[in-house]
Amino acid sequence: MKYILVTGGVISGVGKGVIASSFGTLLSACGIPITCIKIDPYINIDAGTFSPYEHGEVFVLDDGGEVDLDLGNYERFLDVVLHRDNNITTGKVYKMVIDRERIGDYLGKTVQVVPHITDAIQEWVERVAKTPVKANVQPEVCIVELGGTIGDIEGMPFVEAFRQFQFRVRKENFCVAHVSLVPSPRSTGEPKTKPTQASVRELRGLGLSPDLIVCRSENPIGDEVKEKISNFCHVAPEQVITIPDLSSIYHVPLLMEQAGVVDILNERLQLNLQIPRPAGFMLSWRDLAERVENVYKKVNIALVGKYTRLEDAYASVSKALIHSSIAVGYKLELKFIEACHLERDAKRENPHLYYEAWHSLTNSHGVVVPGGFGTRGVEGKIRACQWSRENKKPFLGICLGLQAAVIEFARNVLKIEDADSTENDPDTTHPLVIDMPEHHTGVLGGTMRLGTRTTIFKGNSKIRKLYNNLDQIDERHRHRYEVNPEYVTVLEDNGMRFVGHDSEKQRMEIIELEGHPYYVATQFHPEYLSRPLKPAPAFLGLILAAVGKLDNYLATGQHKIQQLHSQNHHQLLACESSSDDDLQPQGRVRVNSKSASQRGSNNSPEKGKKSGSPKGSVLTTTAHVNGVC
């Protein structure tokens, strides 16, 4: 087993996750099975109880593990299925060691950070590195990302563990890549290498010597700066890799490949890779990067959320929208709208934000209402659902978005004015949404309905066609509330169809509105399984409807599935923004959510205005600029 440790210096959030994912992408393209581990030095057991403002979204895995969003990056880049043990926290390690101590595993010895904590970390890494994450094939290379920055007191036990680990697995099986910021102060206008020098010096002082130094910068830096870092950090110039801010992170693996990273890893870890690489090496990524760069038509999507001050709170939703937009041949302009600003109280308290939010909503081509917890902003989400329903605007609700859509329908169609959720009003006389008894334990961490669950389709529907007319699918869940089964019949009698339910036929999983271009909501989170080359069907349907191509896609796309599967990635993605679009929607391979294609119409939304800096309640993101994956 080979190990690549990715550490960070100078600042957190420097891009270690993307760099680690890019290492995996390059080696995976060489035919090497890859796995990834993310280490978070915080004492929490997992990310499940975090506010989204702490670390961004909580990513959910198949086994129900609530983990850091970087594991979402790994899954999307490498198309693997990770497990809860691929995320290590200080809390998990200490809990394991304390549990061992309680049952006498240490034979009465004094339990200490060294050797007991550090040994536990090393044993954990070795054990998880051997666990298959794709096609039941044992990995050959494990990429370990150490969160935070070198020098953080929380990360010291992990740094010491890997100092020992490099001797445990031998030098030829272990290398270190240090990601550091090279700032360019406006006062001087030139890149400064001192922070990187200090960071590398500290890393060396802790017993780890970097084999690669990945320099992150706002603008490209020249060879003189690389030479300086090489001289002061004791590495060869070719071992200094520069990654400036790029228009799309799909370019990062390509830039690293051009810099010779594969050759460096091949020599350092004795991987015995084919030299030169095959003609089609990284072809799918090159095509994807070119596709992102060469789409010009815009589709404007409004995301009505509760945590819009931090875009990472909706990282997977944003990326799922981008995947689908790229597949359809459009550039996504995503507008983040604070749900509270759509409420009637906001009109009185802050009319500027109220009218700005409504202007952004009404000028969008489609609406997404994602998940969330608590009562704040729920009424704004409900109003967004109402507007989308009444104005035939393409709509996708996720988790709380489904619950808000059901409550809105009950209030305004069934005329049940006090319809509500027991989360918002425990004493409501018409609880359209209730908590699940088995998850109402009084303990918040890990007590929701989590992980992969089966959804069984009922009858014909647009969403079922998008999933290639499968009978059932597996999708990831994270929720504590559900639609009250007592109201299902009356809702269906008035036009709200429950087209998907769980295997016991008790929990409602998918709704679809009759007579609407696209009004779909899911209790599960389809964004967790979206991939750059395999967009989530629910999101693909939204984008297709937003650009006026869904009906043609559903009518003509299904017969081309096998043909598309036989084509290469270039053909799959080379869909022009014209009437001859060829699309590749794909769900997750393991749930048989296969692809389909379509000859779309030439209908398209009007070009949106150029996005600017965030103002008021609306944050505008252009996917082409931010390039998230």
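Quick note: structure is the one above.
What you see is a predicted model, and the numbers here were worked out from it, not measured in a lab.

**Quick notes on the overall build of the chain**
Next, step 1: Scanning the chain for helices and strands turns up 23 helices and 22 strands.
Next, step 2: Long-range contacts, defined as pairs at least 24 residues apart, comprise 74% of the intrachain contacts of the chain with a sequence gap of at least 6.
Next, step 3: For the chain, the accessible area works out to roughly 25,100 Å², and carbon and sulfur atoms hold 49% of it.

**Concerning the sheet that holds strand S14 (residues 419-421)**
Next, step 1: A sheet is described by the order of its strands in space; here 3 strands give the open sequence S14-S15-S18, paired in mixed fashion. Whereas interior strands pair on both sides, the edge strands pair on one side only; in this sheet they are S14 and strand S18 (481-483). On average, each strand axis in the sheet is inclined to that of its neighbour by 30 degrees, with strand direction left out of account.
Next, step 2: When strand S15 (residues 430-435) meets S18, the two strands line up antiparallel, connected through 3 bridges. Note on S18: the bridge partner recorded for isoleucine 434 is glutamate 482.
Next, step 3: In the packing of helix H16 (residues 400-412) onto the sheet, contacts are made with S14, S15 and S18, and the angle to S14 comes to roughly 165 degrees.

**Digging into the packing of helix H7 (residues 194-205) against helix H8 (residues 223-233)**
Next, step 1: Two elements in contact, H7 and H8, have axes whose closest approach is 10 Å; the angle formed by their N-to-C orientations is 30 degrees. Relative to H8, H7 is oriented roughly parallel. Crossing geometry of H7 relative to H8 is assigned as right-handed. Residues Thr196, Gln197, Val200 and Arg204 of H7 touch H8, and the partners they reach there are Lys228, Ile229, Phe232 and Cys233.
Next, step 2: Counted by class, the contact of H7 with H8 contains 4 nonpolar, 2 polar and 2 charged residues.

**Points about the pattern of salt bridges**
Next, step 1: In total, this model carries 34 salt bridges according to the counting rule given.
Next, step 2: Residue arginine 476 is joined to aspartate 62 by a salt bridge in which the shortest nitrogen-to-oxygen separation is 2.9 Å. A residue pair is termed long-range when its members are at least 10 positions apart, and arginine 476 in strand S17 (residues 472-479) and aspartate 62 in the loop between strand S3 (59-60) and strand S4 (66-67) qualify at 414 residues.
Next, step 3: Note on aspartate 62: relative accessible area 15%, which makes it buried.
Next, step 4: One salt bridge connects aspartate 263 with arginine 277, and the closest N-O pair in it is separated by 3.0 Å. With a gap of 14 residues between them, aspartate 263 in helix H10 (residues 261-269) and arginine 277 in the loop between H10 and helix H11 (283-293) connect regions that are remote in the sequence.
Next, step 5: When salt bridges with common partners are traced through the structure, they connect Asp62, Glu75, Asp79, Arg476, Arg531 and Lys534 into a single cluster.

**Topic: helix H1 (residues 16-29)**
Next, step 1: End to end, H1 covers 20 Å across 14 residues, agreeing with the expected 20 Å (1.5 Å per residue, within 8%).
Next, step 2: Taking burial as the measure, the 14 residues of H1 include 12 buried ones, the bulk of the element.
Next, step 3: All of the buried residues in H1 are Lys16, Gly17, Val18, Ile19, Ala20, Ser21, Ser22, Phe23, Gly24, Thr25, Leu26 and Leu27.
Next, step 4: Immediately beyond the C-terminal end of H1, within one or two residues, lies glycine 31, with a positive phi of roughly 90 degrees.

**Some points on the nonpolar core**
Next, step 1: Of all hydrophobic cores here, the largest spans 97 residues; its most connected members are Ile4, Phe23, Ile301, Leu321 and Ile463.
Next, step 2: Top element by residues in this core is helix H19 (residues 537-546). It accounts for 8 residues.
Next, step 3: Apart from residues lying up to four places away in sequence, phenylalanine 23 is in contact with Ile4, Val6, Ile143, Ala177, Leu212, Met256, Val261 and Leu265.
Next, step 4: Grouped together as the second largest cluster of nonpolar side chains are 43 residues, Leu342, Val406, Ile407 and Ala410 included.

**Concerning the sheet that holds strand S1 (residues 2-9)**
Next, step 1: Pairing is parallel across the open sheet formed by 7 strands, whose spatial order is S5-S2-S6-S1-S7-S8-S9. Across the chains shown, the open sheet's two edge strands, defined by having one partner strand only, are strand S5 (87-89) and strand S9 (240-244). Geometrically, the sheet is characterised by an average inter-axis angle of 20 degrees between neighbouring strands, direction not taken into account.
Next, step 2: Strand direction decides the pairing type here: S1 and strand S7 (residues 174-181), joined by 7 bridges, are parallel. Among the inter-strand pairings, isoleucine 4 is bridged to a residue of S7, identified as cysteine 175.

**Some thoughts on the state of the cysteines**
Next, step 1: Taken as a whole, this structure holds 0 disulfides when the rule is applied.
Next, step 2: Cysteine 233 supplies the cysteine sulfur nearest to cysteine 215, a cysteine that is in no disulfide, at a spacing of 7.8 Å.
Next, step 3: Given the relative accessible area of 0%, cysteine 215 is considered buried.

**Quick notes on unusual backbone geometry**
Next, step 1: With an omega of 15 degrees, the peptide bond running from valine 114 to proline 115 counts as cis.
Next, step 2: Tracing the sequence through the fold places proline 115 in helix H5 (residues 113-129).
Next, step 3: Not every positive phi belongs to a glycine, and leucine 107 is a case in point at roughly 55 degrees.
Next, step 4: By secondary structure assignment, the location of leucine 107 is in the loop between helix H4 (90-102) and H5.
Next, step 5: You will see that alanine 135, though not glycine, has its phi angle at about 55 degrees, which is positive.
Next, step 6: One can find alanine 135 in the loop between H5 and strand S6 (141-146).
Next, step 7: Judged by relative accessible area, which is 71%, alanine 135 ranks as exposed.

**Some words on a nonpolar patch on the surface**
Next, step 1: There is a patch of nonpolar side chains on the surface, built from Tyr94, Ile98, Val113 and Val114 and spanning about 320 Å² of accessible area.
Next, step 2: Elements represented by at least two residues in the nonpolar patch include exactly H4 and H5.
Next, step 3: Looking at where valine 114 falls in the secondary structure, it is placed in helix H5.

Scoring rules and cut-offs
Residues numbered from 1 in each chain as written. Predicted model: local features only at pLDDT ≥ 70, side-chain atom pairs only at ≥ 80, totals over all residues. Heavy atoms only, no water. Helix = DSSP H or I, 4+ residues; strand = E, 2+ residues; numbered from the N terminus. Contact = heavy atoms within 4.5 Å. Areas by Shrake-Rupley, 256 points an atom, 1.4 Å probe, with all protein chains shown as cover. Pairing = 2+ DSSP bridges. Axes fitted to C-alpha atoms, helices over the stretch in contact; angles between N-to-C directions. Parallel < 35°, antiparallel > 145°, perpendicular 65-115°, else oblique. Left-handed = near helix turned anticlockwise from the far one by under 90°. Nonpolar A, V, L, I, M, F, W, Y, C, P; charged D, E, K, R; others polar. Salt bridge = Lys/Arg side-chain N within 4 Å of Asp/Glu carboxyl O. Buried < 20%, exposed > 50% of the residue type's maximum accessible area, 1.4 Å probe, protein only. Expected span 1.5 Å × (residues − 1). Core = buried A, V, L, I, M, F, W, Y, C linked by side-chain atoms within 4.5 Å. Disulfide = S-S within 2.5 Å. Patch = residues over 30% accessible without salt bridge, like charges linked within 9 Å, V, L, I, M, F, W, Y side chains within 5 Å.

By themselves these figures say nothing about function.
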